[in-house]
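Residue-level listing of the chains:
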Amino acid sequence: MSRSAHPAGPRHADVLPEGHWTAPATDLNALDEKVWSRTVTRDADGAVSVGGIEVARLAEEFGTPAYILDESDFRARCRAWADAFGADADVFYAGKAFLSRAVVRWLKEEGLNLDVCSGGELATALDAGMPAERIAFHGNNKTTAEIERAVTAGVGRIVLDSFQEIVRVAHVAQGLGTRQRVQIRVTVGVEAHTHEFIATAHEDQKFGIALADGQAAEAVRRALTLDGLELVGIHSHIGSQIFDMAGFEVSARRVVGLLAEIRDEHGVELPEIDLGGGLGIAYTSEDDPREPHEIAKALGDIVTRECESAGLATPRISVEPGRAIVGPTAFTLYEVGTIKPLEGLRTYVSVDGGMSDNIRTALYDAEYSVSLVSRSSDAGPMLVRVVGKHCESGDIVVKDAFLPSDLAPGDLIAVPATGAYCRSMASNYNHALRPPVVAVRDGRARVIVRRETEEDLLRLDVG
Ligand code: LLP
């Protein structure tokens, strides 16, 4: 298909493929705990609650669409990651998945570190009181101003992404009379996505410095000679929404191989390795993610084994999960506006949000599930496509799902597992107002990111 052709029409009008996971569930009222946050329950009267509050009450108080974030689930997931990796490793939450000042405070209280990848994320982290030494600064094209800010703040590490950046960060640090702790991000020739990984040729990307052709070794050589830098480790991130640990295994083996090379060439044993983020979550009942303790054990075992065989002391390991922490903790609450049945095909259910609050379906063909949450229903299943209110036929939130056939305008439906990369990738397309993030915990709800207003939009438009 040519780049200029509009894919939204024909591509999205295909019928449900045979054997697709969305065979009608036996009980449409059931809430699969794999995809819903931990305090979500359906009460005796059929309505759904989260954090002890009925979603209808949340809709009334905060409006729809809204992201509803289960704070105790978020904190529990932070603790599970911190406990799984223990005192000899570090967990950096990847702020790109979702970041706000409240989230920074929760991370701080639960003992996690924070990975930021822009000046804006850094500003949010610092403003909310994350100690600078617990911040890692990422990005493939950090500006000099961003580097200056990070070095001045005293961030714990800057992850160097290119040859130019090695010199830039060294120069800034030296100018400020300091030595910046840095890691070098390498591309290990592994790209993993969901159930697969490919261990060839994925140096063809903008991030990092290739291990191939001695590029990474050369980067290390240069970094070690610069006074402004304290090279503490090697970083690798291999992809997103990964279930298969095999990709991490190859990556860890190659990173440890580089550590051994560095020891042999420079007589230096770098003390840290970071294996990035990318651990998958359940978006639908079909997905089977790993628990943090399984991931920690698998990574720890691989690194220990590889280091032993290379005669290296085991370095301090760090990881950067974003989606795996925040993804399952939130759902998006929508009100049904219109319902359009297409005989023998499917029923289009339009909600009051869409691709402006969840671009992942349109952008990645992501799969989500959806449930009726303002009441239960005994009606039979109806095949639906949940769509938004934008002027675009690719404006799809849930491509194929089943909802009760008595669904009516005014009902509330919710799409679970939208905590990661939904609010953080939200847009103002069609001048939509980005929804609020409402945190619920122990019967209390509070807005942690407020809904945008038309005033907000007009304030930027200086006329
Ligand atoms: N560390 C680095 C260096 C990364 O580049 C990323 C994600 C992470 C950690 C966190 O990955 P996570 O554990 O959240 O998967 N917008 C896409 C995901 C892009 C991820 C980019 N980097 C999505 O919605 O699926």
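Residues numbered from 1 in each chain as written. Predicted model: local features only at pLDDT ≥ 70, side-chain atom pairs only at ≥ 80, totals over all residues. Heavy atoms only, no water.

## A look at the overall build of the protein
And then number 1: Looking only at helices and strands, one finds 13 helices and 24 strands in the protein.
And then number 2: For a compact globule of 463 residues, the expected C-alpha radius of gyration is about 23 Å, and the protein comes in at 23 Å, within 12% of that figure.
And then number 3: Once the C-alpha set of the protein is aligned to its principal axes, its extents read approximately 70 × 50 × 50 Å.
And then number 4: The contacts of the protein with a sequence gap of at least 6 include a subset with a gap of at least 24, amounting to 70%.
And then number 5: Surface exposure of the protein reaches about 19600 Å², of which carbon and sulfur atoms provide 49%. (Helix = DSSP H or I, 4+ residues; strand = E, 2+ residues; numbered from the N terminus. Rg over C-alpha atoms; globule rule 2.2 N^0.38 Å. Contact = heavy atoms within 4.5 Å. Areas by Shrake-Rupley, 256 points an atom, 1.4 Å probe, with all protein chains shown as cover.)

## Some points on the nonpolar core
And then number 1: Counting 111 residues, the largest nonpolar core has Phe74, Tyr93, Ile184, Ile234 and Ile413 as the members making the most contacts within it.
And then number 2: Of the residues forming this core, the biggest block, nine residues, is contributed by helix H9 (residues 246-266).
And then number 3: A domain-level breakdown of this core finds at least three residues from each of domain 1 (16-70 + 328-460) and domain 2 (72-327).
And then number 4: Beyond its immediate stretch of four places on either side in the chain, isoleucine 184 contacts Leu160, Ile209, Ala219, Val220, Ala223, Leu231, Gly233, Ile234 and His235.
And then number 5: Residues Val40, Val48, Val55 and Ala59 belong to the second largest nonpolar core, which totals 20 residues. (Core = buried A, V, L, I, M, F, W, Y, C linked by side-chain atoms within 4.5 Å. Buried < 20%, exposed > 50% of the residue type's maximum accessible area, 1.4 Å probe, protein only. Domains from an automatic or database assignment.)

## Here we look at the sheet that holds strand S2 (residues 48-50)
And then number 1: The strand order across the open sheet formed by three strands is S1-S2-S3, and the pairing between neighbours is antiparallel. Strands with a single pairing partner mark the edges of an open sheet, and in this sheet they are strand S1 (41-42) and strand S3 (53-54).
And then number 2: With two bridges connecting them, S2 and S3 associate as antiparallel partners. Counted as the bridge partner of valine 50 is isoleucine 53 from S3. (Pairing = 2+ DSSP bridges.)

## Digging into the side chain of aspartate 161
And then number 1: Summarising the element assignment, aspartate 161 is placed in the loop between strand S8 (157-160) and helix H7 (163-175).
And then number 2: No salt bridge is formed by the buried aspartate 161; its nearest oppositely charged neighbour, arginine 185, is found at 4.1 Å.
And then number 3: Polar side-chain contacts of aspartate 161 include one of 2.7 Å to the backbone nitrogen of glycine 208. (Lys, Arg positive; Asp, Glu negative; His and termini not counted. Salt bridge = Lys/Arg side-chain N within 4 Å of Asp/Glu carboxyl O. Polar contact = N/O pair within 3.5 Å; in protein donor to acceptor, adjacent residues only side chain to side chain.)

## Here's the deal with the sheet that holds strand S14 (residues 239-242)
And then number 1: Ordered by their spatial adjacency, three strands build an open sheet running S11-S10-S14, and the pairing between neighbours is mixed. Looking at the sheet topology across the chains shown, the edges are occupied by strand S11 (196-198) and S14. The average undirected angle you get between the axes of adjacent strands in this sheet is 25°. (Axes fitted to C-alpha atoms, helices over the stretch in contact; angles between N-to-C directions.)

## Some points on the packing of H9 against helix H10 (residues 292-310)
Between two packed helices, the angle of one axis relative to the other and the distance separating the axes together describe the packing.
And then number 1: In contact at an axis separation of 9 Å, H9 and H10 are set at 35° when each is read in the N-to-C sense. The two elements H9 and H10 cross, and the hand of that crossing is right-handed. Across the interface between the two elements, Phe248, Glu249, Ala252, Arg253, Val256, Ala260 and Arg263 from H9 touch Leu299, Ile302, Val303, Arg305, Glu306, Cys307 and Ala310 from H10.
And then number 2: When its residues are assigned to classes, the contact of H9 with H10 shows nine nonpolar, no polar and five charged. (Left-handed = near helix turned anticlockwise from the far one by under 90°. Nonpolar A, V, L, I, M, F, W, Y, C, P; charged D, E, K, R; others polar.)

## Concerning the UniProt feature "binding site: substrate" (unreviewed entry) in the protein
And then number 1: With numbering matched to this structure, UniProt assigns "binding site: substrate" (unreviewed entry) to Arg323, Arg360, Tyr364, Glu392 and Tyr421. Across 99 residues of sequence, these annotated residues are also dispersed in space, with a maximum C-alpha separation of 27.4 Å.
And then number 2: Here arginine 323 shows up in helix H11 (residues 323-326).
And then number 3: Judged by its relative accessible area of 8%, arginine 323 falls in the buried class.
And then number 4: In this structure, arginine 323 is in contact with Ala97, Ser240, Gln241, Leu279, Ile281, Tyr283, Pro328, Arg360, Ala420 and Tyr421, ignoring residues within four places of it in sequence.
And then number 5: Reaching out from arginine 323, the side chain makes a polar contact with the side chain of tyrosine 283 at a distance of 2.8 Å.
And then number 6: Residues in contact with tyrosine 421, not counting those within four places in the same chain, are Lys96, Ala97, Arg323 and Arg360. (UniProt positions renumbered as here; feature names shortened; annotations may be inferred.)

## Thoughts on the site of the ligand
And then number 1: If you check the shell around the ligand, you find 18 residues, and the closest are Glu320, Arg323, Arg360, Tyr364 and Tyr421.
And then number 2: In the environment of the ligand, a nitrogen atom lies 2.7 Å from a nitrogen or oxygen atom belonging to the side chain of glutamate 320.
And then number 3: The residue makeup of the shell around the ligand, split by class, is five nonpolar, seven polar and six charged.
And then number 4: Shared between two domains, the shell around the ligand holds at least three residues of each, these being domain 1 (16-70 + 328-460) and domain 2 (72-327). (Near = heavy atom within 4 Å.)

## Considerations on the pattern of salt bridges
And then number 1: A full pass over the atoms with the stated rule returns 32 salt bridges.
And then number 2: For aspartate 288, the salt bridge goes to lysine 34, with nearest N and O atoms at 3.1 Å. Highlighted residues: aspartate 288 in the loop between strand S15 (272-274) and H10 and lysine 34 in the loop between helix H1 (8-12) and S1, separated in sequence by 254 residues.
And then number 3: One salt bridge connects arginine 375 with aspartate 411, and the closest N-O pair in it is separated by 2.8 Å. Placement of arginine 375 in the loop between strand S19 (371-372) and strand S20 (381-387) and of aspartate 411 in the loop between strand S21 (396-404) and strand S22 (412-416) is noted, with a sequence separation of 36 residues between them.
And then number 4: When its relative accessible area of 23% is taken as the criterion, arginine 375 is described as partly exposed.

## Some remarks on the packing of aromatic side chains
And then number 1: Tallied over the full model, the rule gives five aromatic pairs.
And then number 2: Seen from their ring centres, phenylalanine 74 and tyrosine 93 are 5.7 Å apart, and the 70° between their planes marks the pair as edge-to-face. Residue phenylalanine 74 is found in helix H3 (residues 71-85), and its partner tyrosine 93 is found in strand S5 (residues 89-94); the two are separated by 19 residues along the sequence. Both residues of the pair, phenylalanine 74 and tyrosine 93, count as buried.
And then number 3: Taking the centre distance of 5.8 Å and the plane angle of 5° together, the rings of tryptophan 81 and phenylalanine 85 count as stacked. Of this pair, tryptophan 81 and phenylalanine 85 are both found in helix H3, four residues apart, which corresponds to roughly one turn of the helix. When sorted by exposure, tryptophan 81 lands in the same class as phenylalanine 85, which is buried. (Phe/Tyr/Trp six-rings, centres within 6.5 Å; stacked < 30°, edge-to-face > 60°.)

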